[in-house]
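# Examining the three-dimensional arrangement
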Amino acid sequence: MLTVGEQAPLHIALAGSDGKKHTLGDFKGQKVVLFFYPKDNTPGCTTEAKSISCFDAEFKEMAVKVIGVSPDTVEKHQRFIDKHELKPLLLADPEKQLAEGFGVWGLKNNFGKTYLGLIRTTFVLDETGTIINVFDKVKTKTHGEDVLTYLKSI
């Protein structure tokens, strides 16, 4: 997993819920909150995305771009957004390119079963694409507030 001080992979292009292709390099010049989550419309992921959406106005006021990434398709992302009135841009990563680039696609353990999956993690990038914080112990209910509190502290 990438850590604080490392450069994010800025060149990987993914389809967005807005119908456009995006790279993280497109957002140079502004801070980015990049949250990786396992699957649209699951309880934990929905709670996390709604928590982040609650603070959309505050993130915009701070000129912070908030982006969610999962292996789901753009179509699934759009249904997820519509159903829950989500605000962040969601990127589709079905080939796990960005997830692997950040080191968040890996072995997980759930109820004694080990499998490959996306490890719920949030990265905060500065204006140059350098990682300035990593949330690797995400509390889905308070994640939006936790990220906002961090951003206000810097």
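Look up a bit, the structure's there.
Residues numbered from 1 in each chain as written. Predicted model: local features only at pLDDT ≥ 70, side-chain atom pairs only at ≥ 80, totals over all residues. Heavy atoms only, no water.

### A short note on the overall build of the chain
Note the threshold: Numbering of helices and strands runs from the N terminus, with a helix taken as a DSSP run of H or I at least four residues long and a strand as a DSSP run of E at least two residues long. To get the radius of gyration, use the C-alpha atoms; to get the globule rule, take the number of residues to the power 0.38 and multiply by 2.2 Å. Partly exposed residues are those whose accessible area sits between 20% and 50% of the maximum for their type, while under 20% is buried and over 50% is exposed, using a 1.4 Å probe and protein chains only. Note on contacts: a residue pair qualifies if any of its non-hydrogen atoms lie within 4.5 Å across the two residues. Only the protein chains shown count as cover for residues, and all accessible areas are computed by the Shrake-Rupley method using a 1.4 Å probe. Counting rule for charge: Lys and Arg are taken as positive, Asp and Glu as negative, and neither His nor the chain ends is counted. Charged groups are reduced to one reference atom each: NZ for lysine, CZ for arginine, CG for aspartic acid, CD for glutamic acid.
A count of helical and extended segments in the chain gives five helices and nine strands. Reading the chain from its N terminus to its C terminus gives the helix and strand order β-β-β-α-α-β-α-β-α-β-β-β-β-α. Its C-alpha radius of gyration of 14 Å places the chain within 12% of the 15 Å reference for a compact globule of 154 residues. Overall, the C-alpha framework of the chain stretches about 40 × 35 × 30 Å when taken along its three principal axes. When each of the 154 residues of the chain is scored for burial, the buried share is 48%. Nonlocal contacts in the chain, meaning residues at least 24 apart in sequence, comprise 64% of its contacts between residues at least 6 apart. Taken as a whole, the chain presents about 7800 Å² of accessible surface, with 52% of it coming from carbon and sulfur. Once the 20 positive and 20 negative side-chain charges of the chain are each reduced to a mean point, those two points are 5 Å apart.

### Focus on unusual backbone geometry
Leaving glycine aside, a negative phi is the common case for residues, and trans is the common case for peptide bonds. A positive phi is found at A63, a non-glycine position, where the angle reads about 60 degrees. A63 gets classed as partly exposed once you look at its relative accessible area, which sits at 45%.

### Focus: the sheet that holds strand β2 (residues 21-22)
Just so we agree on the cut-off: At least two bridges found by DSSP between two strands are what make those strands a pair. Whenever a helix is involved, its axis is fitted only over the stretch in contact; in every case the axis is a line through C-alpha atoms, and angles between N-to-C directions fall within 0 to 180 degrees.
Spatially, β2-β1-β5-β4-β3-β8-β9 is the arrangement adopted by the seven strands of the open sheet, whose pairing is mixed. In this open sheet, the two edge strands, each paired with only one partner strand, are β2 and β9 (131-135). As paired elements, strand β4 (residues 64-70) and strand β5 (residues 89-92) share four bridges and run parallel to each other. Along β5, the bridge assignment pairs I67 with L89. Against the sheet, helix α3 (residues 74-84) contacts β1 (14-16), β4 and β5, and its axis sits at roughly 155 degrees relative to β5. Set on the sheet, helix α5 (residues 143-153) makes contact with β3 (31-36), β4, β8 (121-125) and β9; between it and β9 the angle comes to about 150 degrees.

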